[in-house]
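A closer look at the structure
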Amino acid sequence: MLNNVTSIATSLRQHLPFHTTTDQDIAPYYHNHVAAITGAGSGMGRELAIHLAKMGCHVALSDINAAQLAQTKELLVGYDIKATMTVLDVSDNKAVEAWADSVMVDYGKVNFIFNNAGVALYSTVEGSSISELEWVMDINFWGVVYGTKAFLPLIKNSVKQSESTNGSKKNRSRQFNEHGHIINISSLFGLTAQPSQSAYNASKFAVRGFTESLRQELDIQRCGVSATCIHPGGIKTNIANSARGNDSINDSINDIGMRTGPKAIQSFNKFLKFDAGHAALIILQAAATNQPRCLIGNDAKIIDAVQRVFPATYSQILNDVHTLSRKLKPRRHKKPSTPK
């Protein structure tokens, strides 16, 4: 089922009128602001840093992989911005709080937090251990919570400091000269559940609920800060290659008739086709235009639409469509060998 979702969308999107997101002039929203990014060592985190640097936004980078983080920082050399890097485990609350404090010391303000770091676990519920489930939740969900909690008061205060005092108190609505936003990365799998992805599904559904509730609270407060939940589809990143697994997990996956090991990763990677740089730009556009939810890729849009129309039976429908698409897919014929 994990591979089926993306393969269905891949076959359908060729025939449906979805439009590619166009580049907008969003640089003024980010210029001379400060953004903190987790998981900045690769994938969308790295691409977010590059796009923000091009827009003149200062960046505080963090990742658990020091070598990859240094590579990202090196890519920002030459842009007229300040960039710092911190080796960080987002599942460590105290470390995240310390990082947030250091960002304020280094920059004097902070406007955006991109809670992007994430991991995957390929297993059934029965095959995964409690410690493995906790590992996924600690990074994918609690990492988002820690990042949000640590940076939210700092972002709110930074934006408040820019509040305009023009006009009379009686008629004045709150106006801010700087922007503030919290961007939390969920997933297509934060909208639909899949076999072998219970831990990942749970973490990403949790991010979605957490972020949507946060946004409602911020809207009520009218504090100049908002939140957006991001749901990427098949983005070309290393998350499949770094997913955890073990012999017990492999046995549990085999029990439900799914592939395991390198072949499964290779097969899944074939469907991670959406460019991470383009995905990063879409994320930045979503925040700049204050979208509550952002779906990235036609696969995410299609699967979300199916789930909305068939909330109780979408998994069976997706399976049926996948089976039909396989039957209709033209078979590749081997070229006849030329006689020697």
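All values derive from a computational prediction rather than experimental measurement. (Residues numbered from 1 in each chain as written. Predicted model: local features only at pLDDT ≥ 70, side-chain atom pairs only at ≥ 80, totals over all residues. Heavy atoms only, no water.)

A few points about the overall build of the chain
A tally of helices and strands in the chain yields 13 helices and seven strands. In the chain, which comprises 340 residues, the proportion classed as buried is 49%. Within the chain, contacts between residues separated by at least 24 positions form 73% of all contacts whose residues are at least 6 apart in sequence. As displayed, the chain offers around 17,200 Å² of accessible surface, 52% of which is attributable to carbon and sulfur atoms. (Helix = DSSP H or I, 4+ residues; strand = E, 2+ residues; numbered from the N terminus. Buried < 20%, exposed > 50% of the residue type's maximum accessible area, 1.4 Å probe, protein only. Contact = heavy atoms within 4.5 Å. Areas by Shrake-Rupley, 256 points an atom, 1.4 Å probe, with all protein chains shown as cover.)

Details of the nonpolar core
In terms of nonpolar packing, the biggest core is built from 38 residues, with Tyr 30, Ile 37, Leu 52, Phe 114, Ile 283 and Ile 296 touching the most fellow members. For this core, the element with the most residues is helix α11 (residues 276–288), which contributes nine residues. Residues contacting Ile 37, with those up to four places away along its chain left out, are Gly 45, Leu 48, Ala 49, Leu 52, Val 59, Ala 60, Leu 61, Ser 62, Trp 99 and Phe 114. Of all hydrophobic cores here, the second largest spans 33 residues; its members include Ala 100, Leu 121, Ile 139 and Ala 150. (Core = buried A, V, L, I, M, F, W, Y, C linked by side-chain atoms within 4.5 Å.)

What about the sheet that holds strand β5 (residues 180–185)?
An order of β3-β2-β1-β4-β5-β6-β7 is seen for the seven strands of this open sheet, with the pairing classed as parallel. For this open sheet the edge positions go to β3 (83–87) and β7 (293–296), each flanked by a neighbour on one side alone. With direction set aside, neighbouring strand axes in the sheet form an average angle of 15°. Relative to β7, strand β6 (residues 225–232) runs parallel, the two sharing four bridges. Pairing of His 231 across the sheet is with Leu 295, part of β7. Relative to β3, helix α4 (residues 66–75) is tilted by about 175°, and along the sheet it contacts β2 (58–63) and β3. (Pairing = 2+ DSSP bridges. Axes fitted to C-alpha atoms, helices over the stretch in contact; angles between N-to-C directions.)

Overview of helix α7 (residues 142–160)
Spanning 19 residues, α7 covers 27 Å between terminal C-alpha atoms, matching the ideal 27 Å at 1.5 Å per step. If you look at α7, its biggest bend is around 35°, right at Phe 151, and the proline Pro 153 turns up within four residues after that. (Expected span 1.5 Å × (residues − 1). Bend = angle between axes of the 7 residues up to and from the residue.)

Considerations on the packing of aromatic side chains
Within this structure, the stated rule accounts for eight aromatic pairs. Seen in terms of ring centroids, Phe 189 and Tyr 200 are 6.3 Å apart; in terms of plane orientation they differ by 85°. Their pairing is edge-to-face. Here the residue Phe 189 occupies a position in the loop between β5 and α8 (198–221), and Tyr 200 occupies one in helix α8, the gap between them amounting to 11 residues. The pair Phe 189 / Tyr 200 is uniform in exposure class, with both members buried. Ring-pair connections join several aromatic residues into one group, and the members of that group are Phe 141, Trp 142, Tyr 146 and Phe 210. Taking the ring centre of Tyr 107 as reference, the NZ or CZ of Lys 82 above it sits at 5.0 Å. (Phe/Tyr/Trp six-rings, centres within 6.5 Å; stacked < 30°, edge-to-face > 60°. Lys NZ or Arg CZ within 6 Å of the ring centre and 35° of its normal.)

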